[in-house]
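# Coordinate analysis (summary)
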Amino acid sequence: MRSSILRLHYTLFEEYGDLGWWPADGPFEVAVGAILTQNTSWNNVETAIESLKSEGALCPSRIAAMNMTELESLVRPSGFFRQKARYLKQLASHIEREYSGDITAMSSLPMERVRAELLSLRGVGPETADTIMLYALRMPSFVVDAYTVRLLRRLGICDGDSHASIKAAFEEALDRDIAKLANAHAMIVDHCKSVCRPTPRCVLCPLREMCSEAEKQEERVSD
Ligand code: SF4
């Protein structure tokens with residue numbers, strides 16, 4: 001899998017370059033965005049983050065102390081707002097209580113411990129935990145999401161491999177380089193939103209020479 005991942009990374013980088021993810025003004029904002037982005041578009045997340053910012057509420061102490069009705073109304077644009085307000089409250093209270101409000105203090109701990117701690121919080125699954133670790137804490141924890149799995153399956157790089165083994169393969173192939181892992185996930189998401197969509201646009205794809213699905217798509221078009 002290593003050589004295929006390297007080829008994938010190289011080809012996407014030629015196409016997209018450095019995408020500068022994650023768009024945020026600080027580590028806690030990354031963590032908030034990682035929770036708010038669940039099951040919604042990034043535009044909605046941006047609106048919710050702007051609401052939090054306009055109230056000066058984008059910090060653990062404010063969110064931990066805020067009443068739920070107010071928090072729900074601020075994050076309402078992101079959808080599932082009651083649930084997400086609860087998740088944010090729990091994350092903020094945890095950071096406030098355990099790290100005196102400084103989320104970056106987690107980055108001095110072993111990765112396994114940080115991941116287990118994040119996963120113990122409600123609303124934080126593997127994808128959210130890895131997003132927080134990679135983009136907020138700058139730890140080499142690759143984010144495997146549904147886009148990654150779909151792309152790798154189509155390319156024939158993985159076939160039924162677990163998220164954990166895909167994650168480990170990327171981390172190993174990209175030498176646990178945080179900048180490369182961060183940009184690799186960004187490029188995959190962008191590519192899957194614009195080109196390798198549910199109905200793929202293979203004629204536009206720089207990966208088609210390494211993709212088994214591309215031939216099938218061409219056959220379907222010529223049928
Ligand atoms: S060639 Fe088609 S199926 Fe393969 S990665 Fe590109 S868009 Fe996806």
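Residues numbered from 1 in each chain as written. Predicted model: local features only at pLDDT ≥ 70, side-chain atom pairs only at ≥ 80, totals over all residues.

### Looking at the domain arrangement of the chain
Partitioning the chain into structural domains gives domain 1 (2–20 + 143–222) and domain 2 (27–136). On the side of domain 2, six residues touch domain 1, which itself brings five residues to the contact. Considered class by class, the residues forming the side of domain 1 that touches domain 2 number three nonpolar, one polar and one charged. (Domains from an automatic or database assignment. Contact = placed C-beta atoms within 7 Å. Nonpolar A, V, L, I, M, F, W, Y, C, P; charged D, E, K, R; others polar.)

### Remarks on the site of the ligand
Neighbouring residues of the ligand: 15 residues in total, closest C196, P200, C202, C205 and C211. The residue inventory of the shell around the ligand, partitioned by class, reads 10 nonpolar, one polar and four charged. (Near = placed C-beta within 6 Å.)

### What to know about the packing of helix α2 (residues 27–36) against helix α6 (residues 81–99)
Here α2 crosses α6 at 150 degrees, and the two axes come no closer than 10 Å. As the angle between them shows, α2 and α6 are arranged roughly antiparallel. Crossing of α2 over α6 shows right-handed handedness. Across the interface between the two elements, A31, V32, I35 and L36 from α2 touch K84, Y87, L88 and L91 from α6. Residue composition of the contact of α2 with α6, grouped by class: seven nonpolar, no polar and one charged. (Axes fitted to C-alpha atoms, helices over the stretch in contact; angles between N-to-C directions. Helix = DSSP H or I, 4+ residues; strand = E, 2+ residues; numbered from the N terminus. Parallel < 35°, antiparallel > 145°, perpendicular 65-115°, else oblique. Left-handed = near helix turned anticlockwise from the far one by under 90°.)

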